[in-house]
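Next come the chains, spelled out residue by residue.
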Amino acid sequence: MESDKPQSSFQAWFDACLVPDEKAEVAHRLRQEAKSHFESLCQPSETKSSISSTVEQDLSNASSSTSNGAIATLVSILFPAFSQINVPVNHKITTRVRAVNCLIGALEGSSSLTYGVRQGVGNFLIELCHAESFEQDNDDIAMMDSSNSYVDGANLTSDEVTQQLQAMDRASQQRIKGDSPPAAEDVRDGAILGLTALLQSRLDIFPTQQSQSPKASCPLEEAIGVVYQSMQLRMESAMLGLRYRCENEDSSNNYSSINAGAGYETIGTGLNVEGLSKLTRMKRSLCFKLLEGALNGLKADKLQLEQLISQQALMSKEKMEIGLPSPLSKEMFKFASLTSFCLHGETDPRCLLQLLHLLNKIQRTMLPLFLSASTKNPTIRFPTVEVFDAVAPYYPIHFTPPKNDPHGITREMLQDALMAVLCEKGVSYSDNAPTVKTSDDNDNENATMTVLSARMFLERLDPTKFTSDYDPPSSPESEEEDKLDALRDLSILLLPSSTISASDVRFTQITAAFVSELSSSLARAHEEAVSSDKTSDANSLASRVRKFASSFACTLAPVSFNNSDVKLRHTTLLWEAFVHDSTRRLASYLSSSPQSMHGRSSTAYLAALAAEGGLPTLGRVMDVSLPRLLDLLSKNEDSPNADDEKMAAAIRGIAAFMSSCNVALRMRDQDNRGVQVHPHPLSKYTSQILQTIAAVLKGMPGKGNVGPLTLAAAVAFESALTSVDLSGLEEEDIDVIEDLLGLMSGVVLNQGNNVGSESTARDEDTLLKWNESCARALGAAIAVGLGRSEDLHQNGRERLQSLAECLLPKILASSIEGSEPSLKPQFERYDWMVLARACANGSQNVSQQIVPSLLSITIDDLRKKVDAQEQRSQKFQCFSLMALAYLIRCGGPNVGNIFHGLSSPTATPLDVINELCLPLDQESLQNEKIPDAPRQVTRQLPVGMSHLQLPKSLAKDEEMQNATIQRAYSVLPFLVEAYACPSSTLSSDNLVAFVDQILPPLSELDEVKLYVAFPLLAAVLNGQNDVWKVASPATVQRLQSMTTYIAQFTISADHDSFSRSAAASCLFAILIHGDSENDSSGENIKNVLDRVVYPAVTESVASLQQTFDGAPGFRVAPDHACIANVEAALNFMALLGSAAACRGGRYSQTADDIATCLIQVACNGSSSAFALKSPGNEAQKHPISDRASVAFILPAAAFGSMLSVKNGGPFWRQRIIHKTLPILTKTLQEQATSRNPPALGSLAVVAHLLCSVSQTHLGESNLRQMIPTLIAGLVYFSKNLDVLVQYDTTTKGLDVLSTILAALTKILRISPEDVSALVYVFINFIVVFVIVILMLLSAIPQVTKFIGVIIPSLLLLSTCNAPESYTPTQLFALQCLEIVTTRPNARHAVLREKDQVAAALSAMIDHPSKIIRQAVVQVRNVWFTL
């Protein structure tokens, strides 16, 4: 009964196939049911039968309980559906489609099948793919379709004809929707799908229960033979199914047999797939999936084969390898060739991507089998040439995906897939893979894919050698990009990636002849790139060619010369071919013409090879290049007709090779943990190089000039000092170095600071380069002489150490001496440059000797007695501190680390701060023998300036305090530069503790200290460092506790603006980076608001109000100090708001409150915190001339400064806009009912919002209310500009006008449609504002022509004769006037105003300001060219 159950299911499926309906879902349902049923059969049964004991019984039970027998039963039951027995004629195709879908589901659900089942079912499906099977059926369907293709209206009425036509139309629509009956092609496609599922299923070698039992013996030889047969069957079936699917009715008659493999004894494929191109894209994709399914099955068979061979090797205790039978090798060859043939002419990117992936999978699966050393038929190779010929026409990929492409295929995807085939990505060559022959006789038939691909890439990189086939791009820029792409592809192909070792066996696939060809092509491409006068692309190409060549040479460089290792010997031959020939060929230019283009490019190329090509390459390049250059110099040294340019080029070449040697040895030290190379690569050339340099430099006075030759010699001397092994120098060589250092020190110490003096140099620029070269060489000498302590006791270095120790004090003494600043911008302090180069090139020991010395000298300079009147009469200059700032900027990271890492008892940066804060007459107190006068004044009240003194001495104290501050400010920029470096985190704790001790300031001296400390603390807290990550908890706590005191200092008007600004910067950094755990609720900012800000705002506003009340009238200027106090308080309030907004979280509510308060006062005049006096009716008509109206600008400007902060996340600004925009829009709606101009407060808010916030965040509806106000303000200011310039003594009105123009510039640049569509609103804006708003909110027609309202306003603002303070605003107006002309939608309005604008601008040509004249000319030219 169990055996009848599946047969009953199969019979039900067969009955469903015969149901005479046209439902498309029936086939899908049958496929899913069959798949589920066979998946259950493949799962292991919980109850195993114990009755079966023989193989015959196993086979009987397997017919129903395993997928193999069930498949055979299903095919026999479904066979009548395919043979057309008892099937209605009009239902043939539908029945076949359903039956084949049922079979597809069964195969998809079967995880493993035997060889016999796969062969029988495969032959059956291959027959279904044949076009001959459906010839008669297609004729029947064609006759049925043709009978309904027209309407015979001979005996029909017009209504009857209409009805039949409508019926035909409905039938056609049903076929379009998919309801039409299936066609014969669907059966063939279903057969392809079924064959795909069949071929990719796993091989089941022994399917019966008895044979799978643990006691059963497994004949390995027979099993291996079955696997080989399975692999061959998969290849044959896939190729035959593809051939039958591609043929049409005409070509099907030429084939009468489907016997697998018949007639294919030759290696050629012999398969006819010419009909493939006639198939649709979807049907071609099905065919390619068939090939991929067979390949997946082959991969599974390969894994099984490896397991069986491993078992056999264990049993025989011998090493076993896969050996492919000759028939299987032929079928695999034909399969790969056929797949390559399918790629020819493919244009659809989806199919192209599918085939490229398939070819790469073929390479990964089949190549290791073909490369096996034990292949039984070694004459049959993988069809590499056929694969390359198929993919090569697609290189390089030129593909631009269409817009809104639903498939998502990009050029990068196609390029990566193509490169995977060309580079054989994923193919692992075994250690015993055969090595290609070293000789290359241009036999492309036996070439490897690596060589073929590399030559194709070289065709793009070096087109001069491949002129016949290469078609370069049209433009030079595109050609450069093309070569860069080719070089990138070469790198992918030949250079090992980070996951592959340098000893990648891929090099066994290239020959020495090809490597020599590659070397020549790279040298030619490099020379062309160097000689090109094109932009940075050519330089980039030359640099990348050098990088590739050196990396390739380093990869090939032999680690050892072991002739017994075949692969190492082959790699060594490749390295010889790449380095040896090209090195000698390029070095020939060095001995003949090093100054030519050939010589310079050869020098750069060889130097790059030496630097990064490995130690063997370094030695080879040095041995070939340096003797030629030295020989050239020796021949021309004493010649009176010597070519200085040639000799200079030779010396520069020597310098380049020495620097390359230095780079190569440093790289090796990093990789080998400091193990030295012996002998040094330059040891045999060092003495001759030094003698040559000395001969050139010592002969300089005799020639009487400084030219390119001496400059080159100075550069070479620097390279020699940093590159050669000084421990092996002879005494005469050290004497040469000493003489040269003496010569150069004289240049730096005597001439370096007198650039403007007369000189025997050819030109001043040459003298500057000469001084710089000498300074660099001296810095290198000090760096080497005072280098690592373990190196100083070597032979030869002791004298150099003494030379450096003798030279350093002289340079330090020169660096602290004053020098008259040159009027030329290229002025340099070359003594400072010496110290900077020494610190940058030397070890930490060098900086430890220089930095503390300069710091001690700085403190000594600050301790010198300076009278207050003398300080006031001349600016104090501390050259030692200037030198320290220069070293921190140019001397490398060691300088900053040592400067900020100094501690007692040595001088520290904190000592400098203390000395700057001391009163200038402190030493006079010591001279008067006042007891206990400390060097560092403490906070005790009875001491110093805070002591209670008689009134006659207060003026002197104030003068002393101002002089002290003036001296501190004169050197503070250099100290700030020192604290802005990343190393300042080392001393940040000390600086914070210093500031914490003097907050709050209890004396005038404490205030002086804060004036010095706040700029330094601001540089630390806001610098490019990790101070907030490394600061200790105690330091963070101290900073948090300072906030109230810093806020009081910032808001107080008793301090100067520079220190208040620095304090505000410190406070902002503390608030946004402070400790969130101790202030999670945001109480810190709230306390500052309540205790400091709100009282100060209230007091300053009340003082300003009293000024307004005490001076009635419109034309009286307000007190500038009162306005400044209000402005400072409101700006500080905005700073707190922006800090809270950037902090986010619980602080956001505080930010909302501050922003709401500011915008309420700006728009309405009052808030819960403070209020301003509302202007009267008369003042509202002329707000520019009213002092109370001007006061409304201050909170609006503070609100704008709050929005302009760039810190914080991306959403806090949107939150504030959401909270404040309703207040603004309500005010604008109320003002719309008035005939007065827009209020200055709301106008300023609108301008700041448009400048600081994107239009997307503001919203279209809000913009329609804000832009009218903006342009109305522009019109009002343009008509009352004379009043603004005359009575706006605080320039607040000009600030609003500048903001309006900035907002207008942004709108015109970004979205001109908003302006051009809304300009119509402002024609009668001043007359009646209500009508304008109603028109604005309604549908506006084409009103672009009314942009003429803005142009006259801008013209008035651009052409007025105003004082110099109006110049920036006038430039803004001219810029807007120029931008208007670029709007294509406003061209008619612009042309209408052209004559008026041109005439007005022509009258401004003689404006007294040069910058205005230049801007007017530019704008006028733009208008003239319309």
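Residues numbered from 1 in each chain as written. Predicted model: local features only at pLDDT ≥ 70, side-chain atom pairs only at ≥ 80, totals over all residues. Heavy atoms only, no water.

Caption draft 1: Just the overall build of the protein, in detail. Scanning the protein from N- to C-terminus turns up 63 helices and 2 strands. Residues counted as buried form 51% of the 1426 residues belonging to the protein. Across the protein, the fraction of contacts at a sequence separation of at least 24, relative to all contacts at a separation of at least 6, is 78%. Split by element, the accessible area of the protein, about 64900 Å² in all, is 51% carbon and sulfur. (Helix = DSSP H or I, 4+ residues; strand = E, 2+ residues; numbered from the N terminus. Buried < 20%, exposed > 50% of the residue type's maximum accessible area, 1.4 Å probe, protein only. Contact = heavy atoms within 4.5 Å. Areas by Shrake-Rupley, 256 points an atom, 1.4 Å probe, with all protein chains shown as cover.)

Caption draft 2: A look at the pattern of salt bridges. Applying the stated criterion across every chain yields a total of 30 salt bridges. The shortest N-O distance in the salt bridge between Arg 245 and Glu 185 comes to 2.7 Å. With Arg 245 in helix 11 (residues 220–246) and Glu 185 in helix 9 (residues 184–199), this residue pair connects regions lying 60 residues apart in the sequence. Arg 245 gets classed as buried once you look at its relative accessible area, which sits at 2%. For the salt bridge of Arg 460 with Asp 482, the shortest nitrogen-to-oxygen distance reads 2.4 Å. With Arg 460 in helix 18 (residues 449–461) and Asp 482 in helix 19 (residues 476–494), this residue pair connects regions lying 22 residues apart in the sequence. You'll find Arg 460 and Asp 482 in the same group, each marked buried. If you follow the salt bridges from partner to partner, you end up with Glu 185, Arg 188, Asp 189, Arg 245 and Lys 283 in one network. (Salt bridge = Lys/Arg side-chain N within 4 Å of Asp/Glu carboxyl O.)

Caption draft 3: Representation of the environment of Asn 894. Along the chain, Asn 894 turns up in helix 36 (residues 893–901). The sequence separation of Asn 894 and Val 846 amounts to 48 residues, and the corresponding C-alpha distance is 9.1 Å. Filtering out sequence-adjacent residues up to four positions away, Asn 894 remains in contact with Cys 839, Gly 842, Ser 843, Gln 844 and Ser 847.

Caption draft 4: Geometry of the nonpolar core. Residues Met 366, Phe 578 and Leu 1136 are the most contacted members of the largest nonpolar core, which totals 414 residues. With 14 residues, the top contributor of residues to this core is helix 46 (residues 1120–1143). The contact partners of Leu 1136, leaving out residues within four places of it in the chain, are Leu 1067, Leu 1071, Ile 1085, Val 1088, Leu 1089, Val 1093 and Ile 1154. (Core = buried A, V, L, I, M, F, W, Y, C linked by side-chain atoms within 4.5 Å.)

Caption draft 5: Representation of helix 52 (residues 1240–1252) within the structure. Taking 1.5 Å of rise per residue, the 13 residues of helix 52 would be expected to cover 18 Å, and the 18 Å separating its terminal C-alpha atoms lies within 8% of that figure. Burial analysis of helix 52 places 11 of its 13 residues in the buried class, the great majority of the element. Taken residue by residue, helix 52 has Leu 1240, Gly 1241, Ser 1242, Leu 1243, Ala 1244, Val 1245, Val 1246, Ala 1247, His 1248, Leu 1249 and Leu 1250 as its buried positions. (Expected span 1.5 Å × (residues − 1).)

Caption draft 6: Just the packing of aromatic side chains, in detail. Tallied over the entire structure, the rule returns 12 aromatic pairs. Centroid distance Phe 10 to Trp 13: 5.2 Å. Interplanar angle 40°. Geometry classified as tilted. In this pair, Phe 10 and Trp 13 are both assigned in helix 1 (residues 4–18), 3 residues apart and thus about one turn of the helix distant. We note that Phe 10, like Trp 13, is buried. Ring geometry for Tyr 1011 and Phe 1049: centres 6.1 Å apart, planes at 65°, overall edge-to-face. Remark: Phe 1049 occurs in helix 43 (residues 1033–1051) and Tyr 1011 occurs in helix 41 (residues 1004–1021); sequence separation between them is 38 residues. Residue Phe 1049 is classed as buried on the basis of its relative accessible area of 3%. Members of the aromatic cluster, joined through ring pairs, are Phe 10, Trp 13 and Phe 38. (Phe/Tyr/Trp six-rings, centres within 6.5 Å; stacked < 30°, edge-to-face > 60°.)

Caption draft 7: A look at unusual backbone geometry. Put simply, Ser 904 and Pro 905 share a cis peptide bond, and its omega is 15°. By the element assignment, Pro 905 lies in the loop between helix 36 and helix 37 (909–917). The backbone of Glu 424 sits at a positive phi, close to 50°, despite the residue not being glycine.

Caption draft 8: Layout of the packing of helix 50 (residues 1193–1203) against helix 52. At a minimum axis distance of 8 Å, the contact between helix 50 and helix 52 shows a crossing angle of 15°. Classified by the angle their axes make, helix 50 and helix 52 are roughly parallel. Here helix 50 and helix 52 pass one another in a crossing that is right-handed. Touching Ile 1193, Ala 1196, Ala 1197, Phe 1199, Gly 1200 and Leu 1203 of helix 50 are Leu 1240, Gly 1241, Ala 1244, Val 1245, His 1248, Leu 1249 and Ser 1252, all from helix 52. Residue composition of the contact of helix 50 with helix 52, grouped by class: 9 nonpolar, 4 polar and no charged. (Axes fitted to C-alpha atoms, helices over the stretch in contact; angles between N-to-C directions. Parallel < 35°, antiparallel > 145°, perpendicular 65-115°, else oblique. Left-handed = near helix turned anticlockwise from the far one by under 90°. Nonpolar A, V, L, I, M, F, W, Y, C, P; charged D, E, K, R; others polar.)

Caption draft 9: Seen up close, the packing of helix 44 (residues 1057–1073) against helix 46. Here helix 44 crosses helix 46 at 25°, and the two axes come no closer than 9 Å. Between helix 44 and helix 46, the angle is such that the two are roughly parallel. Helix 44 and helix 46 meet at a crossing whose hand is right-handed. Of helix 46, the residues touching helix 44 (which contributes Arg 1060, Ala 1064, Leu 1067, Phe 1068, Leu 1071 and Ile 1072) are Ala 1128, Phe 1132, Leu 1135, Leu 1136, Ser 1138, Ala 1139, Cys 1142 and Arg 1143. Split by residue class, the contact of helix 44 with helix 46 holds 11 nonpolar, 1 polar and 2 charged.

Caption draft 10: The arrangement of the side chain of Ser 1059 in detail. Take Ser 1059: it is sitting in helix 44. Residue classification places Ser 1059 among the buried positions, given a relative accessible area of 0%. In this structure Ser 1059 touches Tyr 969, Tyr 1011, Phe 1014 and Phe 1049, once residues within four positions along its chain are discounted.

Caption draft 11: Spatial organisation of the side chain of Ser 519. For Ser 519, the position within the fold is in helix 20 (residues 512–531). The class of Ser 519 is buried, set by a relative accessible area of 1%. At 3.0 Å, the side chain of Ser 519 and the backbone oxygen of Phe 578 are in polar contact. Those residues in contact with Ser 519, other than ones at most four positions away along the chain, are Phe 578, Ser 582, Arg 585 and Tyr 605. (Polar contact = N/O pair within 3.5 Å; in protein donor to acceptor, adjacent residues only side chain to side chain.)

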